[in-house]
Amino acid sequence: MKITLLGTGTSQGVPVIGCTCEVCRSVDYRDQRLRVSVHLQVEGKSIIIDSGPDFRQQVLRERIKTLDALVFTHEHKDHTAGLDDIRAYNFSQKKDMPLYAEERVLEQLKREFSYIFADYKYPGIPQVQLHPITEAPFEVEGVLFTPIRVMHYKLPVLGFRIGDFSYITDANYISEAEKEKVRGSKVIVMDALRHEPHISHFSLKEAVSLLEELQPEQAYLTHISHLMGLHRQVELQLPDFIRLGYDGLQIEV
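Residues numbered from 1 in each chain as written. Predicted model: local features only at pLDDT ≥ 70, side-chain atom pairs only at ≥ 80, totals over all residues. Heavy atoms only, no water.

Once that is clear, we can look at the overall build of the protein. Check the secondary structure of the protein and you find 7 helices and 15 strands. Relative to its length of 253 residues, the protein is compact, with a C-alpha radius of gyration of 17 Å against a globular reference of 18 Å. Across the 253 residues in the protein, those meeting the buried criterion constitute 55%. The long-range share in the protein, meaning contacts at least 24 apart out of those at least 6 apart in sequence, stands at 64%. (Helix = DSSP H or I, 4+ residues; strand = E, 2+ residues; numbered from the N terminus. Rg over C-alpha atoms; globule rule 2.2 N^0.38 Å. Buried < 20%, exposed > 50% of the residue type's maximum accessible area, 1.4 Å probe, protein only. Contact = heavy atoms within 4.5 Å.)

Written out as structure tokens, the structure is:
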């Protein structure tokens, strides 16, 4: 499996509009973070988890010519706002795009992209197939996904395990039962917003502590804000098996 971190930033991205902190002024490409998303190339399939507002820019940058499905963790705009840009894949692949999400998330997409689901469809709008998912394992184009229930403050969110890879973003709590689904993963990507505690995201200390408990071979942090600090400085504080993710990072599992 080949994993590409399409975006590793929080909801505002980095740099933040109007901010002049040293991170937002940094010329290190690793400090420039689009909204969080990940591309999986597995078993001959191309799958993306979450299509945020930077979706078009991300797939162009990585030259993702085909896309077999989109999977959503939850309904927040920084994870869904780029849905309209799947139109290019509709045209080139000549088929509807399968969307996998919890029923609650699909209903939100129907409201926010109502024109996609209207009785009268304007020519050229995105064409989709809706696939409701639950906490039970499911297949995406033959690839097995195991949902991992986490909490984003009071909002239930799904992480996913695919083979030896687990992806958890927008979380600040995971139960002992759900941790068992993650254990044994060779690679884990997990959110870590900043150093200070946050109401709905793991802090750096919390994420490191959880990863030390789960003990993957390698872990990468994502959903990072400008308040985390400079990439090159933060990396020096981390255990050897944990690295900060950055946009465009590719991982083989």
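Take the UniProt feature "domain: Metallo-beta-lactamase" (unreviewed entry) in the protein next. UniProt marks residues 34–223 with the feature "domain: Metallo-beta-lactamase" (unreviewed entry), using the numbering shown here. Along residues 34–223, the helical share is 24% and the strand share 33%, with 9 Å between the first and last C-alpha atoms. (UniProt positions renumbered as here; feature names shortened; annotations may be inferred.)

Before going further, it helps to spend a moment on the sheet that holds strand β2 (residues 37–42). Spatial strand order, β6-β5-β4-β3-β2-β1-β15: 7 strands in an open sheet with mixed pairing. The open sheet terminates on both sides in strands that have one partner only, identified here as β6 (128–133) and β15 (250–252). On average, each strand axis in the sheet is tilted by 20° relative to the strand beside it, whichever way the strands run. Contacts from helix α4 (residues 103–112) reach β5 (97–102) and β6, with the element oriented near 125° to β5. (Pairing = 2+ DSSP bridges. Axes fitted to C-alpha atoms, helices over the stretch in contact; angles between N-to-C directions.)

According to the stated counting rule, one finds 7 aromatic pairs in the structure shown. Seen from their ring centres, phenylalanine 138 and phenylalanine 160 are 6.1 Å apart, and the 80° between their planes marks the pair as edge-to-face. Of this pair, phenylalanine 138 sits in strand β7 (residues 138–140) while phenylalanine 160 sits in strand β9 (residues 155–162), placing them 22 residues apart in sequence. Judged by relative accessible area, which is 11%, phenylalanine 138 ranks as buried. With centroids separated by 5.7 Å and ring planes inclined at 70°, the aromatic side chains of phenylalanine 145 and phenylalanine 160 adopt a geometry described as edge-to-face. Here phenylalanine 160 lies in strand β9 and phenylalanine 145 lies in strand β8 (residues 143–152), a separation of 15 residues in the sequence. Chaining the aromatic ring pairs together yields one cluster made of Tyr100, Phe138, Phe145 and Phe160. (Phe/Tyr/Trp six-rings, centres within 6.5 Å; stacked < 30°, edge-to-face > 60°.)

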